[in-house]
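Reading the structure
In case you want the letters, here they are:
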Amino acid sequence: MLRFAGIQMLVGKDKSENLQKASDFIIAAKCAGARLICLPECFNSPYDNASFPEYAEKIPGGPTYEMLRKLATENNIYLVGGSIPEECNGKLFNTSIVF
């Protein structure tokens, strides 16, 4: 059996606070026995098209990608990174990262 945790969280304008909150929820879900953990859409930024250029990251390599990769690897969990704004070749995408 694979225990699932779907995380819901309030997101603010501070990206580092959003990432720390997501990390805390992921660790709590893992400690409660979840092996498949899913974050909400746009968990690292406000859900507002006007905000996406400011919060967009390169994938792989951005801070959100690296945090999720590290948490999934170190905790031996499957992690669905909801979605985040991604910038690639000058275009923006709503991208889900899965580890």
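An account of the accompanying structure is given in this report. (Residues numbered from 1 in each chain as written. Predicted model: local features only at pLDDT ≥ 70, side-chain atom pairs only at ≥ 80, totals over all residues. Heavy atoms only, no water.)

Details of the packing of aromatic side chains
Just so we agree on the cut-off: Two aromatic rings, drawn from Phe, Tyr or Trp (for Trp, its six-membered ring), form a pair once their centres lie within 6.5 Å of each other, and the interplanar angle then sorts them: stacked below 30 degrees, edge-to-face above 60, tilted otherwise. Relative accessibility decides the category of a residue: with a 1.4 Å probe and only protein chains considered, values under 20% of the type maximum give buried, values over 50% give exposed, and everything between is partly exposed. Put simply, DSSP H or I for four residues or longer makes a helix, DSSP E for two residues or longer makes a strand, and each gets a number counted from the N terminus.
Per the counting criterion, the structure on display carries 2 aromatic pairs. On the numbers, 6.2 Å between centres and 85° between planes, the contact of Tyr47 with Phe52 is edge-to-face. A relative accessible area of 14% means that Phe52 is categorised as buried. A ring pair is formed by Tyr65 and Phe99, whose centres lie 5.2 Å apart and whose planes are at 65°; its orientation type is edge-to-face. Taken together, the residues span a long stretch of sequence, with Tyr65 in helix 3 (residues 63–75) and Phe99 in the segment after strand 5 (91–95) at a distance of 34 residues. We classify Tyr65 as buried; its relative accessible area is 17%. Judged by relative accessible area, which is 26%, Phe99 ranks as partly exposed.

Looking at the sheet that holds strand 3 (residues 78–80)
Consider a sheet: its strands pair through backbone hydrogen bonds, and that pairing is either parallel or antiparallel. Rules: Any two strands are treated as partners once DSSP identifies two or more bridges connecting them. Structural elements are reduced to axes, namely lines fitted to C-alpha atoms, with helices fitted over the stretch in contact, and the angle between N-to-C directions of any two is expressed from 0 to 180 degrees.
Taken together, 3 strands build an open sheet; the order of strands is 1-2-3 and the sheet is parallel. The open sheet terminates on both sides in strands that have one partner only, identified here as strand 1 (4–6) and strand 3. On average, each strand axis in the sheet is inclined to that of its neighbour by 10°, with strand direction left out of account. Looking at chain direction, strand 1 and strand 2 (residues 36–38) are connected through 3 bridges and run parallel.

What about the state of the cysteines?
To keep things clear, this is the line we draw: A pair of cysteine sulfur atoms is labelled a disulfide when the two atoms are within 2.5 Å.
Summed over all chains, the structure comprises 0 disulfides. The thiol sulfur of Cys42 is not disulfide-bonded, and the nearest other cysteine sulfur, from Cys38, lies at 13 Å. The exposure class assigned to Cys42 is buried, which follows from its relative accessible area of 3%. With no disulfide partner, Cys88 has as its closest neighbouring cysteine sulfur the one in Cys42, 17 Å distant.

Interpretation note: all reported values are geometric properties and have no functional meaning in isolation.
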